[in-house]
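If you want the building blocks of each chain, they are given just below.
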Amino acid sequence: MSIYSPFSASQLLPQEEKLEVARHKSELFIGIPKETSYQERRICLTPDAVSSLTSHGHRVMVEAGAGTNSSYSDKEYSDNGAEITNDTKKVLGCPMILKVEPPTLTEIEMMNPKTILISAIQLKTQKKEYFEALAKKKITALAFEFIKDEDGSYPAVKSLSEIAGTASILIASELMIGDNLGKGLLFGNITGVPPTKVVIIGAGTVAEYAARTALGLGASVEVFDNSITKLRRLQNTLNQRIFTSTIQEKSLLKALRRCDVAIGAMKGKDRAPIIVTETMVEHMKKGAVIVDVSIDTGGCFESSEVTTHENPTFIKNNVIHYCVPNIPSRYSKTASMSISNIISPSLLQIADDGGIESAIRCDKGLKNGIYSYHGLLTNKSIADWFNLDYRDINLIVF
C-alpha cells in the first residue's frame, strides 16, 4: 500500500539550518520645516535631540528660523550637527519630515512620494482633502497623539496636558491681578486672608496638574467629574483629600458662585460637553476668571468663544474668559522639550530596527500612531469621521 505524504522526497531529506538574518540599522534623513500655522511656536526636536541623532550617524536638515520661536537659534542647531537651509522645498524633500502641526496641502505637494511624515493630526480642524493628498503621494503618516506607551497611555497627549493644566492656574493668577476687571487678588493662602477658591471641571491629566499647581499655591480646590473612578484616582495621585463631587447642577452652581477661578478640563468623544450654562456664568462673582482648556474641542462653558494668544481674553457677564486653544504653544520652549523627549527615542528605535517597516512590526505603540500607510488610511475613527475607505493595519503589516 503506497503512503501519500504532503512533502516531496527532497523535502524529506535533511535540510540546512536557516538562521535569522540580523536586522540592519538604517540611516535616517530628517527634515524639520518652519511651522507656518497660526500661533504655532513649537519645534519637534531640540538641539540636544539633534545632537543625539547626528552622533548616531543620521542627517537632520532644519529650515532657517524654525526654532526661533522656541528660543533656539540656527547656530545651536548647526553646532549640534544639523544642516541649515533657507529652501523650504529642500527640507520638505527629505525622506522623513517632522512637524508639530499637520502639513498644509501646499506642503504635502512639495513632498516626495513615499515620504514618512511624523506630526500631530488635529482631527477637529482636518479636512477630507488632507487624507486624499496623503493617499495621492503614498505617504506613511504617524500622528504623535496616537502613539502609545508600554502602559497603554498616550505620552504626547499626557505631556502637553500636564503643561496645559499647570499653565491654566498660572494664567488665572495673572488675570486675577488685572487692571480692568481683575480683583487685585493674590493667588494663594496668606495668613489671615481667605484662600483663593478654584473650581476644576474634569478629573483627567489637565485637572490633575491644575489641582497640583493650585494646591501648591495654597488655594482651596473643588473638582467635579461624572466618573467616581477618576475622582478617586485624582485624590490618590494628589495624595491628599480635596473636595470632589459628581456633576450635579445644584452643587456645581453653589461652587461657581463662591469661586474666584473656574477651569474647564472636560474631554468628550467628539467635542467637549457643555457643563456650565450661560445662566450659571451670570451667577459668578464679578471679576472671577474662567480658563477653558477644553476650547480645543469646543469648550465646556457655554459662554466660551475662541480667542488668540495676542488677544487672549474677553469679558462676558462681568467674568474674565481666557479661551485660547493650544495653551502649550504659549510655553513654546517647555512644550518643544516635551515633544522632543517623546519623538527622539522613537526615531532612534526606528533606525535601530532598520526603518519604519520593521519598527512598526516590533512596536505596537508605534504602529498605533500610523493613520496612513503608503497612502492607505489605516485609522477606523478617521475613516468613519470623513466617510473614507479604511484598511486594518494589522492585516497589512504583521
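Residues numbered from 1 in each chain as written. Predicted model: local features only at pLDDT ≥ 70, side-chain atom pairs only at ≥ 80, totals over all residues. Heavy atoms only, no water.

The next thing to look at is the packing of helix α8 (residues 205-216) against helix α9 (residues 228-238). With their axes 11 Å apart at the nearest point, α8 and α9 run at an angle of 40° to one another. Here α8 lies oblique to α9, going by the angle between them. Between α8 and α9 lies a crossing of right-handed hand. In this structure, α8 uses E208, A211, R212 and L215 to contact α9, whose residues at the interface are L234, T237 and L238. Residue composition of the contact of α8 with α9, by class: four nonpolar, one polar and two charged. (Axes fitted to C-alpha atoms, helices over the stretch in contact; angles between N-to-C directions. Helix = DSSP H or I, 4+ residues; strand = E, 2+ residues; numbered from the N terminus. Parallel < 35°, antiparallel > 145°, perpendicular 65-115°, else oblique. Left-handed = near helix turned anticlockwise from the far one by under 90°. Contact = heavy atoms within 4.5 Å. Nonpolar A, V, L, I, M, F, W, Y, C, P; charged D, E, K, R; others polar.)

In spatial order, the strands read β3-β2-β1-β4-β5-β6-β14-β15; together these eight strands make up an open sheet with mixed pairing. Each edge of the sheet is formed by a strand with only one pairing partner; in this case those strands are β3 (83-85) and β15 (376-377). Strand direction decides the pairing type here: strand β6 (residues 140-143) and strand β14 (residues 370-373), joined by two bridges, are antiparallel. Across the sheet, the residue bridging to L142 is I370, located in β14. Against the sheet, helix α6 (residues 128-136) contacts β5 (116-119), β6, β14 and β15, and its axis sits at roughly 50° relative to β14. (Pairing = 2+ DSSP bridges.)

Our next topic: the side chain of S70. Its location among the elements puts S70 in the loop between β2 (59-63) and α3 (74-79). Among residues more than four places away in sequence, those in contact with S70 are R41, R42, I43, S332, K333 and S336.

One open sheet holds the seven strands; their spatial order is β9-β8-β7-β10-β11-β13-β12, and the pairing between them is mixed. One side of each edge strand has no neighbouring strand; the edge strands of this open sheet are β9 (243-245) and β12 (313-316). Pairwise comparison of adjacent strand axes, ignoring direction, gives a mean angle of 20° for this sheet. In this sheet, strand β8 (residues 220-224) lies alongside strand β7 (residues 197-201) in parallel orientation, the contact comprising five bridges. Residue pairing across strands places I200 opposite V223, the latter belonging to β8. Sitting on the sheet, α8 touches β7 and β8, and the angle it makes with β7 is about 170°.

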